[in-house]
Amino acid sequence: MDVSDDPTPTTRDSGPWSRPCADLLADLGVERDQGLSGREVSRRQRRHGPNRIDQQDRTSAATILVNQFRSVIVIVLGVATVLALLLRQWAEGAAIGVVVVVNALIGFVTELRAVRAMEGLAKLSQARSRVRRDGEVREVPAARLVPGDIVVLEAGDTVTADLRVLESARLEVDESTLTGESQPVAKQVAAVAEDAPLAERTSLLFKGTAITGGSGEAVVVATGMETELGAISRDIREAEAETTPLEDRLDQLGRSFIWLTVILSVVIVMVGWWQDRDLVLVIESAVALAVAAVPEGLPIVATIALARGMRRMARQNALVNRLSAVESLGGATIIAADKTGTLTENRMTVVRLLLPDGEVSLDEDPDVAGNEAAVDALTIGALCTNAELAENDDGELDAVGDPMEAAILMAARRADLTRPQLLERRPEVREVAFDPERKLMATIHRDDGGRLAAVKGAPEAVLEICRDQREAGGEVRMSDDQRGRWREASRDLAAQGLRVIALAVGSVDDADDDPYRDLTFLGLVGLLDPPRRDVASTIETARRAGIRTVMITGDQAATAQVVADELDLGDGEPTVVSGRDLAAPDELDDETRNATLAATIFARVSPRQKLDLVDLLQQEGNIVAMTGDGVNDAPALEKADIGVAMGRRGTEVAREAADIILKDDDFSTLVTAIREGRIIFGNLRQFVLFLLSVSLSLIMAVFAASVSGLAMPVLPLQILFLNAVTHVFPALALGLGEGRPGIMDRPPRDPEMPILERRHWVFVWIHGAMIAATALAGLVIGEAVLELSTPTAQTVGFLAVALAQLWHVFNVRDRDSGVLINEITRNRYVWLALMLSLVLTFTVTAVGPVASVMRLEFPPLAGWVLAAMLSIVPVVGSWIYSLAGRAADDPEAGTPAR
């Protein structure tokens, strides 16, 4: 219905909670059964704007820039700048100051890109809502909702605007984020008092809350900043940005080097005082040491590596909600996967009907409409549903709602039954929403002056509440033997890999009566949901990587067993644990606990049991990746180390609780994300090893020269150049690596494992000492053997250490990889970094004005040859070190990149 006037009541100024639904709909200019027209929606969108909260928590560029100058690294460099200027070393002081600014600008640009990338990824997972427009139910982005839209709701939805309830079928909402009420709040159609406080406005649904149970319909009364959530957002700001344990550990490593600097600087001053050396030279040495100790590239490369890894995951359909998940991914030991839609196609098709009078195969019998018993069963199935079929622009039918319910609607169409036509004859007056604990759902309909109850659910649950069964001659009492045969038939269908539901019908005197009693059993529906084609190979990939996959399902054990057999789930025969045998971890005896931990399939599992199962697996030291899509999965997703929600069929509540969202609902995407997590951690470890080794080499060289009375082998300005070029470029290349091919052929890393283990620190100290020796040897041999002047000999030392640091990038390869062919030599970014660094190193040495500022003198050919030969020594030494470790069969030795 189009209207020229659009008065829009809000939850604060006109009290829609206190007004009758009919009056409110009239004011909003909308008819409930038709909804708004497309033209009217466009007009209201122009007037009210998008339905979103102002991004007040968006990190400003200025804030990101200021934060770059608050790190300990910048403070140390700032002190070094002041000391250099006090000593009238204007070039060094200016250069260090420039490094501070450049370091801050690089950090600013990379962090800004990472923050904006995260904001962009968040937009990809924005909420959607089901609305009725032009008489049809369709899904639209929540940002396009307008006042007057009719919204269709069910359990698992996030409320995306402020809504007035028009219909409620046991509708319950979690309003804890808004009101602090910890228990779900029941919602009703009836108006409440005008002066009712926020928590008692039971006829309203508030933006940002979550539907935890039931279903219903509501009309939008406020959007965007006009909602209650919008009002609150004007007064509060979000908490500060998340940092990951990995980032914290990197920061601790940087701080450790700062403390090492302080200690060694004190030693240098004391030794200089004891040797009665020139105070200027002592302070210059301290400045050089301070500059050498600062691993400026560490936070920069870490930021770029994490941001690029997350973007790469996004391109492969895995959206990361929380940075900490990137670190956890690499350590995942168990994947607890839903069967339906994750391991299977989630493309339900009704293939069998088991009726009291016989069996109907929808694959073989095209004349379903001629079978009265089949028509009766499909009628009840089409009435007891929340799903709808809508025709798209191509003239094809799209399902909106649960795939299983949509499959029944499609089967009903083969019997010339459509839900709109059925509802015209039997209007729905009440819905009893699906109860995951009882595994039942019902709808109540007017039927020839009476009330008809259409019921569906799990076979065992439906059979338990049925008194009769419908046969050709009418309704007859169901005997215990018949009930047992139906249970056996259900198990047989499940053993064929079919998902099975039961249908029943009854009558009630009043719409509010209990529909689950004295029912007449109509039959069983067998639905086929085939396994995804690539899941079996993906499970095998995970198995090789030391990751166990277990199946969690609400289906029968027999159905799950068939799917598990097709997917080759588990080693040997899959073991099954039923939900009835599960309990809280502290309530399990040793035998049941061990059986549970060894199981491959968990069938007939309730949401609460999923939570207990995750807890049990974590108690055994596992890193659990848990998939889920329903609102009741949210607690388990929160509890899991890596909560994984489905992007297509997952509820908004599940997506918000998850760490990762799979846009394509594909199990293989999760394993791909785990691989990316391993690559990211491996890259981080490689560039940390590289940066700490080369930084430590400069510390050792400066400290050794200071305490021995030698001239500085590298000067402060030259150290700054090395930090900016030979350190950052190769480290950045390592951070962008694609990983080694066999990375998924290894077991998961221990979640408690530090970035660097003892063997890594041994590697850092040994290689740092070897590289430092090249600088000292270049200085000493240049002066004593080649008889070069001290400045020229210092240049040889500078060139030797610069080249040695560049070649050191090949030393941090994986300890099990080849010397010549490995993940480092296959990384094209490494070769680009080396070429760029070599060009820049030659330039600062050969170009007169630049060399003068850097205090470098172009050496003779012998000096170049000496520097080149010395730079190879650490590479040869590393190779010998690796061979020695392998010969001794010592896992602590060898090149330990990962």
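For the structure itself, consult the block above.
Rules behind the numbers
- Residues numbered from 1 in each chain as written.
- Predicted model: local features only at pLDDT ≥ 70, side-chain atom pairs only at ≥ 80, totals over all residues.
- Heavy atoms only, no water.
- Helix = DSSP H or I, 4+ residues; strand = E, 2+ residues; numbered from the N terminus.
- Buried < 20%, exposed > 50% of the residue type's maximum accessible area, 1.4 Å probe, protein only.
- Contact = heavy atoms within 4.5 Å.
- Areas by Shrake-Rupley, 256 points an atom, 1.4 Å probe, with all protein chains shown as cover.
- Pairing = 2+ DSSP bridges.
- Axes fitted to C-alpha atoms, helices over the stretch in contact; angles between N-to-C directions.
- Salt bridge = Lys/Arg side-chain N within 4 Å of Asp/Glu carboxyl O.
- Phe/Tyr/Trp six-rings, centres within 6.5 Å; stacked < 30°, edge-to-face > 60°.
- Arc of directions from axis to C-beta.
- 1 Å grid on protein atoms, 1.4 Å probe; cavity = no way out; pocket = protein on both sides within 12 Å on 5 of 7 lines; lining within 4 Å.
- Points joined across faces, edges and corners; volume = space filled by probe spheres on them.
- Nonpolar A, V, L, I, M, F, W, Y, C, P; charged D, E, K, R; others polar.

Draft legend 1. View of the overall build of the protein chain. For the protein chain, the count of helices and strands is 30 helices and 26 strands. Expressed as a percentage of the 898 residues in the protein chain, the buried residues total 56%. In the protein chain, 73% of the contacts between residues at least 6 apart in sequence involve partners at least 24 apart. Here the protein chain has roughly 37,300 Å² of accessible surface; of this, 54% comes from carbon and sulfur atoms.

Draft legend 2. Representation of the side chain of Glu676 within the structure. Relative to the helices and strands, Glu676 resides in helix H24 (residues 667–708). Accessibility expressed as a relative area gives 4% for Glu676, which makes it buried. Leave out the neighbours within four places in its chain, and Glu676 touches Arg312, Met313 and Gln316.

Draft legend 3. The sheet that holds strand S25 (residues 642–646), seen in detail. Strand order in the open sheet formed by 8 strands is S8-S26-S25-S24-S9-S21-S23-S22, with mixed pairing between adjacent strands. If you trace the sheet from one side to the other, it starts and ends with strand S8 (318–320) and strand S22 (576–578), each paired once. The average angle at which neighbouring strand axes cross in this sheet is 20 degrees, direction not considered. Pairing of strand S9 (residues 334–338) with strand S21 (residues 548–552), which is carried by 5 bridges, proceeds in the parallel orientation. Directly across from Ala337, in S21, lies its bridge partner Met551. Contacting S21, S22 and strand S23 (601–603), helix H19 (residues 557–567) runs over the sheet at an angle of about 155 degrees to S23. Of the strands in this sheet, S9, S21, S23 and strand S24 (624–628) touch helix H21 (residues 607–619), which is tilted by about 165 degrees from S24.

Draft legend 4. Inspection of the pattern of salt bridges at higher detail. Counted under the stated rule, the structure contains 29 salt bridges. Between Glu167 and Arg32 there is a salt bridge, with its nearest N and O atoms 2.5 Å apart. Note that Glu167 is positioned in strand S4 (residues 162–174) and Arg32 in the loop between helix H1 (21–28) and helix H2 (38–48), a separation of 135 residues in sequence. Lys610 serves as the salt-bridge partner of Asp338, at 3.2 Å between the closest nitrogen and oxygen. With a gap of 272 residues between them, Asp338 in strand S9 and Lys610 in helix H21 connect regions that are remote in the sequence. The burial state of Asp338 is the same as that of Lys610; both residues are buried. If you follow the salt bridges from partner to partner, you end up with Arg32, Arg132, Glu167 and Glu217 in one network.

Draft legend 5. Broad picture of the packing of aromatic side chains. Evaluated as defined, the whole model comprises 6 aromatic pairs. Relative to Phe858, the ring of Phe842 has its centre 6.5 Å away and its plane inclined at 85 degrees; by these criteria the two rings are edge-to-face. Separated by 16 residues along the polypeptide, Phe842 in helix H28 (residues 828–846) and Phe858 in the loop between helix H29 (848–854) and helix H30 (861–887) bring together distant segments of the chain. The partly exposed category is assigned to Phe842, whose relative accessible area is 44%. According to the relative accessible area criterion, Phe858 is partly exposed, its value standing at 47%.

Draft legend 6. Spotlight on the pairing of strand S19 (residues 498–508). Within S19, 9 of the 11 residues are buried, leaving the element largely enclosed by the surrounding structure. By the bridge criterion, 7 bridges tie strand S16 (residues 450–457) to S19 in an arrangement that is antiparallel. In the strand pairing of S19, Ala454 is matched with Val505. As judged from the 8 bridges shared by S19 and strand S20 (residues 519–528), these two strands associate in the antiparallel manner. Looking at the pairing, Ala504 lines up with Phe521 of S20.

Draft legend 7. Spotlight on helix H20 (residues 590–598). Taken residue by residue, H20 has Arg593, Thr596 and Leu597 as its buried positions. What you see down the axis of H20 is that its buried residues fit within an arc of 95 degrees, all on one side. Structural note: H20 exposes Glu591 and Ala598 on the side pointing more than 90 degrees away from its buried face. In the core, the buried residues of H20 are packed alongside S21, S22, S23 and H21.

Draft legend 8. Representation of empty space enclosed by the protein. The full count for this structure, using the stated rule, is 2 cavities of 30 Å³ or more. The volume enclosed by the largest cavity comes to roughly 50 Å³. Together, Leu582, Ala583, Pro585, Leu588, Thr596, Gln609, Asp612, Leu613 and Leu616 line the largest cavity. Among the elements that make up the lining of the largest cavity, the one with the highest residue count is H21 (4 residues). Lining of the second largest cavity is provided by Ala305, Arg308, Gly309, Arg312, Ile680, Asn683, Gly735 and Leu736. Examining the composition of the lining of the second largest cavity, we find that 4 residues originate from one element, helix H10 (residues 297–315), more than from any other. Grouping the amino acids of the lining of the second largest cavity by side-chain chemistry returns 3 nonpolar, 3 polar and 2 charged.

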